[in-house]
Amino acid sequence: MSDMITADLVDLDLSADTKEAAARALAERMVAQGRVTDLEGFLADVAAREAQMPTGLDGGIGIPHCRSAHVTEPTLAFGRSAAGVDFGAADGPADLIFLIAAPAGADDAHLTILSALARRLMDTGFTTTLRALGDADTAAALIRGDEDPARGVPSASADGGGEPQAESATGPLGAEGASTGGGAKERTGAAADTEATAAESPAPAEQAENPAHATQSGRPFRIVAVTSCPTGIAHTYMAAESLENAGREAGVEVVVETQGSAGYTRLDPAVIAAADGVVFAHDVAVRDKDRFAGKPTVDVGVKAGIGRPAELIAEVREKAARGETSAPAHPVAGTPVQRAGDSGEGYGTRLRKWLMSGVSYMVPFVAAGGLLIALGFAIGGWRVNKAPSVMDHFLWTQADSWGALLFQIGGVAFTFLVPVLAGYIAYGMADRPGLVPGFVGGAIALDIDAGFLGGLAAGLIAGGVVLGIQRVRIPTALRGIMPVVVIPLVSSAIVGFLMFVVIGKPIASAQKGLTDWLTGLTGANAVLLGALLGLMMCFDLGGPVNKVAYTFATAGIAVADPSDSAMKIMAAVMATGMVPPLAMALATTVRGRLFTPAERENGKAAWVLGASFISEGAIPFAAADPLRVIPSSMVGGALTGALSMAFGATLRAPHGGVFVVPLIGNPFLYLVAIAAGVCTTTVLVVLLKGMRRRNPAPTATDPATPAAGTPKESEEPVAA
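Residues numbered from 1 in each chain as written. Predicted model: local features only at pLDDT ≥ 70, side-chain atom pairs only at ≥ 80, totals over all residues. Heavy atoms only, no water.

## Details of the overall build of the protein chain
The secondary structure content of the protein chain amounts to 27 helices and twelve strands. Looking at the protein chain residue by residue over its 720 residues, the buried ones come to 49%. Counting only contacts in the protein chain whose residues sit at least 6 apart along the sequence, the fraction spanning at least 24 positions is 72%. As presented, the protein chain carries roughly 31,900 Å² of accessible surface, and 61% of it is formed by carbon and sulfur atoms. (Helix = DSSP H or I, 4+ residues; strand = E, 2+ residues; numbered from the N terminus. Buried < 20%, exposed > 50% of the residue type's maximum accessible area, 1.4 Å probe, protein only. Contact = heavy atoms within 4.5 Å. Areas by Shrake-Rupley, 256 points an atom, 1.4 Å probe, with all protein chains shown as cover.)

Shown next, in the form of structure tokens:
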């Protein structure tokens, strides 16, 4: 690690007059040291990164950087220009130029060192010392962290009487104390960091004198931030350091999630919930942005986070004072992408998140393909699946041709279901390296008729194989080709072998057995299955159990010619998923006094959500009163599921609610089944809420009795 920069990679008299010439001069030193294999190819990668966003920073700093397959090991080259080179900074040319070269497959430790340098560039003591140094060896040692800026040179003040420079706030590159690229967890989890924040925050007396530093509760204002840039090497961490420093100066608690190249660790949901405002300083999309919805938010480019962090903090405080917030996250039918989670989570929890990652990406394909196929049948008739390819026969004036077109587009969309499921299960486990073997394994599962069971197995195997490969120690020379050649090649070969030769046939047999069982469901068995699916759909209202039932149903219709039993199951699942929100909406309408004002408002939205088959519309009611709402919903859902199966209602579309009723077999009886479940749940909720014991009236001797003249507390009921 310590030889990332040596004296041979330092030029204290850089004579280049353009940023291209400066990059070339420093890159030639890397080539001479064997750190770069193709000069022109590497410079093209540097130029491509520079085209995305200028890399000049205020304070006379230029940090051209890139990730490149032509880099053999992480390398820094430093140049000092007397005339300055224009890197696009607002305050003029840069005299300190760092060329940062990272291999395309740089591991976390290397990226940690690069991010630590980016943070040190925010230390004025570090940059002042670099400007005054006279030899390359000392400059390289200072950048590596072997030399302390406070001891490197005397103070630069003219009279020589100034105080010695403060010791650099950041440690040596690669030291344990350096902030890592893994995100917020490493910076904020230690007790030492907490104590430092407490020591640097204004004392309560200071906050009282300056109310801008404190909230109404007296604690410091709290901000959570996310920083990211296209390469995730330099700007990401510099913006984080700038925001943290500005927060300390303003007496504001700032916790930053750096979404860098080394990955990222999610901020604790409790930290986000406790925050008073949010700052996004980014040039690539913020991952899982919905976590921060509903809070005062400032959204800027990453360079603004570096150059004017105090302004951003002041702006988010002003928005908080005005009550200006971003739009809240709305419940949707699918789940958000679930990543592997913290290492402290149990295996069962992580497995659920991996599976939900695949399901969440698969659901849009199911919805789009299923609705297109259903519309194809509605327009072209029930024999549209026998129509020839629209490439060979398509008449603009014939409805049958349009029906066949929609059917065939939907069929193509359905061919992606299993590969997408497998690919994104592997993605949830191993990030992007898992995508290729996951998709390959999913495609094989489709090819050998292993279906969704094969896709689940392929995704888990692909993710596990990639995680295993990433733990192998790789020679430095191969790191650049690991993510683009080695990992996809080796993992795809292993997954393909296992799927074709080892586990493919048993899984295909199990899938065929499940399909045959569904096809043979009749009479009482079908009714009991409908009741069971209704219980599952209403148990957690969009959670894992709900999604298991939904995925089970969509798996049955995700074929070109689904069985009648599979379409009955899909109809039952959609009907039961509509019951809880519609029942809550009806209950707030007929017995509004049993609900709080907020719940009555949620009830209005629940009409639309329920009609659209969005079970999450009942979550606010279940969260406030789970012991009454969830059992009532499960009873109504079970009744609806049983009736739907008994009535023989069928559905080709996997989503849509009442808007796809024309595509449902036996639509009138289907609506009767939904109405029966909704009414049952409504009656049970109203009865259970009405049976709540009211608090006994306080006696005259009760110390809690309000004094005469004290206004009575609102008699508005609160959820137990």
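## Observations regarding the packing of aromatic side chains
One pair of aromatic rings is described through two measures. These are the centre distance and the angle between the planes. Under the criterion given, the structure shown has twelve aromatic pairs. Summarising the aromatic geometry, the rings of F394 and W402 are spaced 5.1 Å apart at their centres and angled 80° between planes, so their arrangement reads as edge-to-face. Residue F394 is classed as partly exposed on the basis of its relative accessible area of 23%. Here the aromatic cluster, defined as three or more aromatic residues joined through ring pairs, consists of Y361, Y424, Y427 and F439. Directly above the ring of F221 sits R317, whose terminal nitrogen or CZ lies 4.4 Å from the centroid. (Phe/Tyr/Trp six-rings, centres within 6.5 Å; stacked < 30°, edge-to-face > 60°. Lys NZ or Arg CZ within 6 Å of the ring centre and 35° of its normal.)

## Observations regarding the side chain of T55
Assignment of secondary structure puts T55 in the loop between helix 2 (39-52) and strand 2 (56-57). Only 2.8 Å separates the side chain of T55 from the side chain of E50, close enough to count as a polar contact. Residues in contact with T55, not counting those within four places in the same chain, are R49, E50, I61, G62, I63, P64, H65, F87 and H235. (Polar contact = N/O pair within 3.5 Å; in protein donor to acceptor, adjacent residues only side chain to side chain.)

## Brief notes about the packing of helix 10 (residues 235-250) against helix 13 (residues 309-322)
Viewed as axis vectors pointing N to C, helix 10 and helix 13 meet at an angle of 65°, and their least axial separation amounts to 8 Å. In this structure, helix 10 crosses over helix 13, and the sense of that crossing is right-handed. Residue-level inspection shows S242, L243, A246 and G247 of helix 10 in contact with helix 13, the latter providing P309, A310, L312 and I313. Residue composition of the contact of helix 10 with helix 13, by class: six nonpolar, two polar and no charged. (Axes fitted to C-alpha atoms, helices over the stretch in contact; angles between N-to-C directions. Left-handed = near helix turned anticlockwise from the far one by under 90°. Nonpolar A, V, L, I, M, F, W, Y, C, P; charged D, E, K, R; others polar.)

## Considering the environment of G603
Structurally, G603 can be placed in helix 24 (residues 597-611). Note on G603: relative accessible area 1%, which makes it buried. Along the sequence, G603 and A585 sit 18 residues apart, while their C-alpha atoms lie 4.2 Å from each other. Not counting residues up to four positions away in its chain, the partners in contact with G603 are A585, T588 and F621.

## Here we look at the confidence of the model for the protein chain
Of the residues in the protein chain, 76% have a pLDDT of 70 or more, and the chain-wide mean is 77. Below pLDDT 50 for its whole length, residues 330-344 participates in 40 contacts with residues either more than four positions away or in separate chains. In this model residues 693-720 is a low-confidence stretch, pLDDT under 50, and it forms 25 contacts with partners more than four residues away in sequence or in other chains. (pLDDT = per-residue confidence, 0-100.)

## What about the sheet that holds strand 8 (residues 253-258)?
Here four strands make up an open sheet; going across it, the order is 8-7-9-10 and the pairing parallel. The open sheet has two edge strands, strand 8 and strand 10 (297-300), and neither has a second partner. Averaged over all adjacent pairs, the angle separating strand axes in this sheet is 15°, with direction ignored. In the sheet, strand 9 (residues 277-282) pairs with strand 10 via four bridges, with the strands oriented parallel. Looking at the pairing, F280 lines up with D299 of strand 10. Across the sheet, helix 10 touches strand 7 (222-228), strand 8 and strand 9, and the angle it forms with strand 8 is around 175°. (Pairing = 2+ DSSP bridges.)

## Digging into the pattern of salt bridges
If you walk through the whole model with that rule in mind, you get 16 salt bridges. Note that E257 is salt-bridged to R291, the shortest N-O span being 2.8 Å. A residue pair is termed long-range when its members are at least 10 positions apart, and E257 in strand 8 and R291 in the loop between strand 9 and strand 10 qualify at 34 residues. When its relative accessible area of 0% is taken as the criterion, E257 is described as buried. You can call R291 partly exposed: its relative accessible area is 22%. (Salt bridge = Lys/Arg side-chain N within 4 Å of Asp/Glu carboxyl O.)

## Focus: the packing of helix 17 (residues 435-447) against helix 18 (residues 451-470)
It is at 8 Å that the axes of helix 17 and helix 18 come closest, and there the two elements cross at 155°. Here helix 18 runs roughly antiparallel to helix 17, going by the angle between their axes. Relative to helix 18, helix 17 is oriented so that their crossing is right-handed. Facing P437, G438, G441, G442 and A445 of helix 17, the residues of helix 18 in contact are G451, G454, G455, A458, A462 and V466. Of the residues that constitute the contact of helix 17 with helix 18, the class distribution is five nonpolar, six polar and no charged. (Parallel < 35°, antiparallel > 145°, perpendicular 65-115°, else oblique.)

## A closer look at the side chain of S68
Looking at where S68 falls in the secondary structure, it is placed in strand 4 (residues 65-68). Apart from the residues lying within four places of it in its own chain, the contact partners of S68 are F42, D45, A102, P103 and A104.

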